[in-house]
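Structural overview
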Amino acid sequence: MLANVLYNMEVSNLGQDDIRSSFAFAMCMISRISPKFDRVRWMIVALTLLCFLLSAIAINRPSFWVDEKISFDIASQPTAAQTLNAVIEQERRPPAYHLGLWALMQIAGQTERVARLYSVFWAVLMIPATFQLALAFTGRKAAVFAALLAATSPILLAFAQTVRYYDMVAALSALSFAAFFMLLRSKRKPWLAYFVFTLLLLLTDYPAYGVPAAQLAIGLVVWRRASFAPQHPRFKWLAAQVLLALPVLAWMPVILNQGTRDFGAADLSGTLAGTTLKVAYPFYAWLVGETIFPWLPVAVLCLVVFGILLVVGWLSLRSGFAGIVWLITFGIPFALAQLLLGTVAADSPFVNAPARSMACFGLLFVPMGIGLARLSRRIALVAVAIVFLAHIIALVNYYRGENFINTVYNTPAREVAQFINVRALPADAVVTEADSVVAYYLTTSHNFDLSAQDELKKYLAANPSAQVWQVELGRDRTRNAAAVDLREALHAQRSIQQVTGFATQNETYRAIKTRLFGREAYLNRLTVTQFSSAQ
């Protein structure tokens, strides 16, 4: 175990083949190297396949929401250089995710399915990565339990179908930590694997910079009394840190420029309630799910079970130095993510906190797996049953597009576009808001962005018999007065034929948001109003 490793480390030979060691690490992702493919390995393979199947279910159901569309458009550039420039201009993060997606779409095609499958790859990789990471702290049984809990995590599976970097950060963080702990304990040290995983992580997300920071803190503690002999591995490790810092320093002007973009402050930003929610909500979303409301009894029971597992697991780690190591590895990346959410990214509401803190995701399941392994079989079965029931409910809600806490993830742009496509007449005008992404799926001929009202007026003046379909996006902080003004202006000249809501919010959740934010929460994520021809 890690505690023994930290007190009884062995120094590897300087002449070791690093490339062969890194390849061995990659081959070892399913379990430790051993002469035979045993039951534990088969269990990890089965959990990996389970994660893939759950990630692939209804993969065409979700529509693009605005950030996904931005990712897709950036990765659809003709060249890698243009993709890099688009990241610098449009995003607030490094370019590794977009460049990887660009490369895949150059080979497999620029389609929505291909873009989502790229995220599926990282979600699937997360399962053996979690297992390997857990092995740094515990035995194989608890590591399997950690992988099991990760494989059924509703938010991991939801992000697997999201065209964003979230699962990539989670997988690379777990891989970087797993390789780092192998550097500490193994004679065959995967230097190349550690360098590649950590470099990709640094080039994917800024909050993930807490990962090498945590590793630096642990390395300095572990090797503080080590030999000063030149062949000692700490010198190679410090050299790796310097090499990792070079691309970050080269990217620093972009970081500073991206950090100056001001998008305003989110609801509750800077308040005690807002800070508390940003700290607490990631744990609920990671463990229970993003599509199950916390006042449901099964959600409460699931959270209680995970709380017990966390306490039992960490108390088991606390008997050695490993408990402190886990706190460092989890705490530093999480604290950095919270710091950035409260300062540079103050425009992000608390419901975005889980996605912005995914560097900590795999680590959370380590004490959970240990706690589950410590329970008696009967109690463990009850705990697993409660967790699985909550996860099943959350996943069913996700696949059906219901009960999203972060309603941005459930913007049914394709469904709305199909609704209009089959009903609109050839001369009808359709008005959408750019960030609703509905226009991307429309096949109608006369589509206008909300900002193009002069063009809309000219068209309607020339075609008085045309009906108008207005699509409004439900918003919290960023209410769009222009949409309301247009609706009222159209209603003054035309009669309303039909109003249809899509992705209607749960009434209880809506009431809580209204009370929390001090204003009425929107009813539908998207609303379509059909106006008649001019009277």
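Please refer to the structure higher up on the page.
Details of the sheet that holds strand 4 (residues 496-504)
- Pairing is mixed across the open sheet formed by 5 strands, whose spatial order is 2-1-3-5-4. The sheet terminates laterally at strand 2 (446-449) and strand 4, the two strands that pair on one side only. Between one strand axis and the next, the sheet turns through 15 degrees on average, direction left out of account.
- When strand 3 (residues 468-473) meets strand 5 (residues 524-531), the two strands line up antiparallel, connected through 6 bridges. Looking at the pairing, Val 468 lines up with Phe 531 of strand 5.
- Against the sheet, helix 23 (residues 481-493) engages strand 1 (429-432), strand 3, strand 4 and strand 5, with an angle of about 155 degrees to strand 3.

Here we look at a nonpolar patch on the surface
- A contiguous nonpolar patch, built from Leu 216, Leu 220, Phe 235 and Leu 238 and spanning about 320 Å² of accessible area, is present on the exposed surface.
- Those elements that place two or more of their residues in the nonpolar patch are helix 12 (210-222) and helix 13 (233-259).
- Here Leu 216 lies in helix 12.

Comments concerning the environment of Ile 218
- Relative to the elements of secondary structure, Ile 218 occurs in helix 12.
- Residues Ile 218 and Ile 328, 110 residues apart in the sequence, show an inter-C-alpha distance of 7.6 Å.

A few points about the pattern of salt bridges
- Evaluated as defined, the whole model comprises 13 salt bridges.
- Here Glu 402 and Arg 400 are joined by a salt bridge, their closest N and O atoms 3.3 Å apart.
- The exposure class assigned to Glu 402 is partly exposed, which follows from its relative accessible area of 29%.
- For Arg 510, the salt bridge goes to Glu 507, with nearest N and O atoms at 3.9 Å. With Arg 510 and Glu 507 both in helix 24 (residues 507-517) and 3 residues apart, this pair spans about one turn of that helix.
- For Arg 510, a relative accessible area of 15% puts it in the buried group.
- By sharing partners, the salt bridges in this structure join Glu 68, Glu 112, Arg 116 and Arg 414 into a single network.

Here we look at the packing of helix 10 (residues 166-185) against helix 12
- Following both chains from N to C, one finds helix 10 and helix 12 inclined at 15 degrees, their axes separated by 11 Å at the closest point. The orientation of helix 10 with respect to helix 12, classified from their angle, is roughly parallel. Judged by the sense of rotation from one axis to the other, the crossing of helix 10 with helix 12 is right-handed. Facing helix 10, whose interface residues are Ser 173, Ser 176, Phe 177, Phe 180, Phe 181 and Leu 184, helix 12 presents Val 211, Ala 214, Gln 215, Ile 218, Gly 219 and Val 222.
- For the contact of helix 10 with helix 12, the per-class residue count stands at 8 nonpolar, 4 polar and no charged.

Points about unusual backbone geometry
- Of note, Ala 58 is a non-glycine position whose phi angle comes to about 50 degrees, a positive value.
- Tracing the chain through its elements places Ala 58 in the loop between helix 3 (39-56) and helix 4 (66-75).
- Classification of Ala 58 as partly exposed rests on a relative accessible area of 36%.
- We note that Asn 403 has phi near 55 degrees; this positive angle belongs to a residue other than glycine.
- Within the secondary structure, Asn 403 sits in the loop between helix 19 (377-400) and helix 20 (413-421).

Let's talk about the side chain of Ser 436
- Looking at the secondary structure, you find Ser 436 in the loop between strand 1 and helix 21 (438-441).
- Judged by its relative accessible area of 0%, Ser 436 is buried.
- There is a polar contact of 2.6 Å between the side chain of Ser 436 and the backbone oxygen of Glu 433.
- In this view, Ser 436 contacts Thr 411, Ala 413, Leu 473 and Leu 526; residues no more than four positions away in its chain are not counted.

What counts as what
Per chain, the residues get numbers from 1 upward, laid out in the order the sequence is written. Only residues with pLDDT of at least 70 are given local features in this predicted model, and only at 80 or more are side-chain atom pairs given and counted; all residues enter the totals for whole chains, interfaces and linings. Excluded from the side-chain calculation are hydrogens and water; included are all heavy atoms of the structure. Strands are treated as partners if at least two bridges between them are detected by DSSP. To qualify as a helix, a DSSP run of H or I must reach at least 4 residues; to qualify as a strand, a run of E must reach at least 2; elements of each kind are numbered from the N terminus. To get an axis, fit a line to the C-alpha atoms, keeping to the stretch in contact for a helix; angles then go from 0 to 180 degrees between the N-to-C directions. Note on contacts: a residue pair qualifies if any of its non-hydrogen atoms lie within 4.5 Å across the two residues. Patch building starts from residues that exceed 30% relative accessible area and form no salt bridge, then joins like charges within 9 Å and nonpolar side chains (Val, Leu, Ile, Met, Phe, Trp, Tyr) within 5 Å. Values of accessible area rely on a 1.4 Å probe in the Shrake-Rupley scheme; residue burial ignores everything except the protein chains shown. Each salt bridge in this description consists of a side-chain nitrogen of Lys or Arg and a carboxyl oxygen of Asp or Glu lying within 4 Å of one another. The rule is simple: take the accessible area with a 1.4 Å probe, protein chains only, and divide by the maximum for that residue type; under 20% is buried, over 50% is exposed, in between is partly exposed. Note that the term roughly parallel is reserved for angles under 35 degrees, roughly antiparallel for angles over 145, roughly perpendicular for angles of 65 to 115, and oblique for everything else. By the definition used in this description, the sense in which the near helix is turned from the far one sets the handedness, with an anticlockwise turn below a right angle giving left-handed and a clockwise turn giving right-handed. Throughout, the ten residues Ala, Val, Leu, Ile, Met, Phe, Trp, Tyr, Cys and Pro are labelled nonpolar, Asp, Glu, Lys and Arg are labelled charged, and all others, Gly among them, are labelled polar. Pairs of N or O atoms are called polar contacts if they sit within 3.5 Å, as long as, within protein, a hydrogen donor faces a hydrogen acceptor (for residues adjacent in sequence, only side-chain-to-side-chain pairs).

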